Amino acid sequence: MSRAETHEDLNAVIRQHSEMLAAQLHSQRESLFPPDASKAMRKFTSGEAAALLGVNDSYLRKLHLDGKGPSPEMSSGNRRQYSVEDIQNLRILLEKTARKPGDYLPGRREGDHLQIIGVMNFKGGSGKTTSSAHLAQRLALKGYRVLAIDLDPQASLTALHGVQPEFDLLDGGTLYDAIRYENPLPITQVIRRTYIPNLDLIPGNLELMEFEHETPRALARGNAGLFFFRVKEALAQVDDRYDVVVIDCPPQLGFLTMSALSAATGVLVTIHPEMLDVMSMSQFLRMTADLMDVIADSGADMSHDWMRYLLTRYEPTDAPQNRIVAFLRTMYGDKVLNAPMLKSTAISDAGLTKQTLYEVERSAFTRTTYDRAIESLNAVNDEISQLIQKTWGRP
Ligand SMILES: Nc1ncnc2c1ncn2[C@@H]1O[C@H](COP(=O)(O)OP(=O)(O)O)[C@@H](O)[C@H]1O
Ligand SMILES: [Mg+2]
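Thresholds applied
- Residues numbered from 1 in each chain as written.
- Chains lettered and ligands numbered in written order.
- Predicted model: local features only at pLDDT ≥ 70, side-chain atom pairs only at ≥ 80, totals over all residues.
- Heavy atoms only, no water.
- 1 Å grid on protein atoms, 1.4 Å probe; cavity = no way out; pocket = protein on both sides within 12 Å on 5 of 7 lines; lining within 4 Å.
- Points joined across faces, edges and corners; volume = space filled by probe spheres on them.
- Helix = DSSP H or I, 4+ residues; strand = E, 2+ residues; numbered from the N terminus.
- Nonpolar A, V, L, I, M, F, W, Y, C, P; charged D, E, K, R; others polar.
- Pairing = 2+ DSSP bridges.
- Contact = heavy atoms within 4.5 Å.
- Axes fitted to C-alpha atoms, helices over the stretch in contact; angles between N-to-C directions.
- UniProt positions renumbered as here; feature names shortened; annotations may be inferred.
- Near = heavy atom within 4 Å.
- Polar contact = N/O pair within 3.5 Å; in protein donor to acceptor, adjacent residues only side chain to side chain.
- Areas by Shrake-Rupley, 256 points an atom, 1.4 Å probe, with all protein chains shown as cover.
- Buried < 20%, exposed > 50% of the residue type's maximum accessible area, 1.4 Å probe, protein only.

Identification of the protein as Chromosome partitioning protein from Salipiger marinus is taken from an unreviewed UniProt entry.

Right, dumping it as structure tokens:
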């Protein structure tokens, strides 16, 4: 067999495998979700709604009995069940009589700048997508106006939000359309609403790779402009519509990540505390610093409001992990978020059915498993919320 023949064979096999897989995935999806099915958010118990709003359940009950605000659905056991829309409407109602402004609607006020959080690390599997999704959803559930952007061509964040990157985005619809060099579209054309009020999404798919290929060509032609500002400029078009943007970055330091880094006001580096991951992180940090120098040299302001490390998939009972965590905390001090994201089968199982844990009912897992995971996720996300508030000058 000549070399040319083997080469051709490999191509054919790969193509055939790709088609087989696409067909399988397609039929699987058809059987799981009817073609026009879209994801919906579950209902929240009155206890969950009260916790999200930061009030007592008895107070919510009183509002309900007084006929104030949305009327919750009654479950078979005669328990009040709140939709995410109900919770948002209650926020608006409660804010009107709040003791301090922002008690129920924590978003931007006059003079506060848009928070753009880049979640990055070039290590795949370090928990970027899981962290981004739970952060974006939690902030939206807490009343912030949030835009989540999937900048990873592998599009896991997109799939997690019920958009199928290989079927639903055949005519484009990713951020690429808004940052490309030829005829970019207004960013509003690629923003979609999700099943959570306050949470919008810009999905991703493989088309994002075009930005990696096109940027060097545009640079060579001399018309890339300041390519690293593409994301920032696109976001400026919708600056007043959101409080927080969460960007799930690809696992590489390409032009997409650099452009996200230039746009970011906050940077979250996810770390799975294992030796191999930490070793590769050292390279990641050095390369990031080098790239930021290059960008800064061309006159860009590379200052950020904050940068934090987030420990992900952490197992407190694992001695080697604990040594690494201790070492990172000693080395980087308060740059490591206090709250780690614990490893939990609840989180990975939810992911298998394309859901975050916030989308899953407590009854789906044993209580202790669910509660431990939710508490860990909330602690992480609420610590980030505090960083946001601090940036806006609030204690
Ligand atoms: N806290 C966690 N507990 C259990 N599994 C997790 C947790 N965080 C992430 N995972 C799982 O680890 C895998 C990689 O996580 P992911 O967020 O996709 O990483 P990345 O986006 O950095 O590649 C996924 O299968 C995800 O479900
Ligand atoms: Mg990912």
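We are not done yet, so read on.
Draft legend 1. How the structure looks around the layout of surface pockets. Its volume calculated, the largest pocket comes out at about 680 Å³. Lining the largest pocket we find 27 residues, and of these Y144, S385, Q386, Q389 and P395 sit closest to its centre. Of the residues forming the lining of the largest pocket, the biggest block, seven residues, is contributed by helix α14 (residues 367-391). Tallied by class, residues from the lining of the largest pocket come to 10 nonpolar, six polar and 11 charged.

Draft legend 2. The sheet that holds strand β6 (residues 192-193), seen in detail. Read from one edge of the open sheet, seven strands run β6-β7-β5-β8-β4-β9-β10, paired in mixed fashion. Taken across any chain shown, the strands that pair with only one partner, and hence form the sheet edges, are β6 and β10 (306-311). By the bridge criterion, five bridges tie strand β5 (residues 146-150) to strand β8 (residues 244-248) in an arrangement that is parallel. The partner of V146 across the bridge, within β8, is V244. Across the face of the sheet, helix α5 (residues 128-141) comes into contact with β4 (115-120), β5, β7 (199-202), β8, β9 (266-271) and β10 while running at roughly 165° to β8. In this fold helix α11 (residues 275-297) packs onto β4, β9 and β10, with an angle of close to 155° to the strand it touches most, β9.

Draft legend 3. Examining the UniProt feature "domain: HTH merR-type" (unreviewed entry) in the protein more closely. As annotated by UniProt and renumbered to match this structure, "domain: HTH merR-type" (unreviewed entry) occupies residues 44-92. The distance from the first to the last C-alpha atom of residues 44-92 is 18 Å, and the span holds 53% helix and 14% strand.

Draft legend 4. Quick look at the sheet that holds strand β2 (residues 73-74). Taken in spatial order, the three strands of this open sheet run β1-β3-β2, and their pairing is antiparallel. Taken across any chain shown, the strands that pair with only one partner, and hence form the sheet edges, are β1 (44-45) and β2. Pairing analysis gives two bridges linking β1 to strand β3 (residues 80-82), with the strands arranged antiparallel. Counterpart to T45 in the pairing with β3 is Q81.

Draft legend 5. Representation of the site of ligand 1 in the model. Taken together, 15 residues lie near ligand 1, and G125, K128, T129, T130 and L342 sit nearest. Separating an oxygen atom of ligand 1 from a backbone N or O atom of G125 is a distance of 2.7 Å. Within the backbone of S126, one N or O atom sits 3.1 Å away from an oxygen atom of ligand 1. For ligand 1, the protein covers 76% of the area, taking 560 Å² as the surface of the free molecule. Put simply, the parts of the chain that give the shell around ligand 1 at least two residues each are α5 and α13 (345-352). Here the shell around ligand 1 takes three residues from α5, the largest share from any one element. A per-class count over the shell around ligand 1 returns three nonpolar, eight polar and four charged.

Draft legend 6. Summary view of unusual backbone geometry. With a phi angle near 50°, R313 is a residue other than glycine that sits in the positive phi range. Take R313: it is sitting in the loop between β10 and α12 (319-332). Here the phi dihedral of K354 falls at roughly 55°; this positive angle occurs in a residue that is not glycine. Inspection of the secondary structure assignment puts K354 in the loop between α13 and α14. By relative accessible area, K354 is classed as partly exposed at 35%.

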